[in-house]
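Here are the chains, one letter per residue:
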Amino acid sequence: QVHLVESGGGLVQTGGSLRLSCAASESIIGINDMGWYRQAPGKQRELVADITSGGSTNYADSVKGRFTISRDNAKNTVYLQMNSLKPEDTAVYYCAAEVLLKGSSWFRDSWGQGTQVTVSS
């Protein structure tokens, strides 16, 4: 069962911008850290950025200064604003979070299904 749903991916030219969103389903009643990962063809999945429940952020060196992660705790949603996009940013972007599900007593890792981001040169 998918508890995180991403949106906002698409095709953009070099230098363009996209904003990804990831919304948690109603089955999630608590969230700790949230983050964005990406996986390009033939490469391993890598961390892009993450954010704690308190708002502390961490970025991969390759996206520092270009991407901004944020979250709305009231909406259980995390965002990734991507500016100055480059062809090497092309990948499937995944949302991940440490979540507490209804009826559960402990937090667990949950992943979205991914959204494609393609940057044309």
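Please read all numbers here as calculations on a predicted model, not as lab measurements.

Caption draft 1: Representation of the side chain of R71 within the structure. Relative to the helices and strands, R71 resides in strand β7 (residues 67–72). D33 provides the closest opposite charge to the buried, unpaired R71, separated from it by 5.5 Å. At a separation of 3.1 Å, a polar atom in the side chain of R71 contacts the main-chain carbonyl oxygen of T52. Among the polar contacts made by the side chain of R71, one reaches the side chain of N73 at a distance of 2.6 Å.

Caption draft 2: Structural detail: the sheet that holds strand β1 (residues 4–7). On the basis of which strands lie adjacent, the open sheet formed by four strands has the order β1-β3-β8-β7 and antiparallel pairing. Strands at the two margins of the open sheet, each flanked by one partner only, are β1 and β7. Recorded for the sheet is a direction-independent mean angle of 15° between the axes of neighbouring strands. Where strand β3 (residues 18–24) lies against strand β8 (residues 77–82), six bridges are found, and the strand directions are antiparallel. Pairing of L18 across the sheet is with M82, part of β8.

Caption draft 3: Here's a closer look at the nonpolar core. Core analysis: the biggest nonpolar cluster contains 31 residues, and W36, L80, M82 and Y93 have the highest contact counts within it. Here this core takes six residues from strand β9 (residues 91–101), the largest share from any one element. Leave out the neighbours within four places in its chain, and Y93 touches E6, L20, W36, Y37, R38, V48, F67, L80, M82, G114, T115 and V117.

Caption draft 4: Quick peek at the state of the cysteines. Counted according to the given criterion, the structure contains one disulfide. Bridging C22 to C95, the disulfide has an S-S length of 2.1 Å. Linking C22 and C95, the disulfide has an S-S dihedral of approximately -80° and is accordingly described as left-handed. Of this pair, C22 sits in strand β3 while C95 sits in strand β9; the two residues are 73 residues apart in sequence, bridging distant segments of the chain.

Cut-offs used in this document
- Residues numbered from 1 in each chain as written.
- Predicted model: local features only at pLDDT ≥ 70, side-chain atom pairs only at ≥ 80, totals over all residues.
- Heavy atoms only, no water.
- Helix = DSSP H or I, 4+ residues; strand = E, 2+ residues; numbered from the N terminus.
- Buried < 20%, exposed > 50% of the residue type's maximum accessible area, 1.4 Å probe, protein only.
- Lys, Arg positive; Asp, Glu negative; His and termini not counted.
- Salt bridge = Lys/Arg side-chain N within 4 Å of Asp/Glu carboxyl O.
- Polar contact = N/O pair within 3.5 Å; in protein donor to acceptor, adjacent residues only side chain to side chain.
- Pairing = 2+ DSSP bridges.
- Axes fitted to C-alpha atoms, helices over the stretch in contact; angles between N-to-C directions.
- Core = buried A, V, L, I, M, F, W, Y, C linked by side-chain atoms within 4.5 Å.
- Contact = heavy atoms within 4.5 Å.
- Disulfide = S-S within 2.5 Å.

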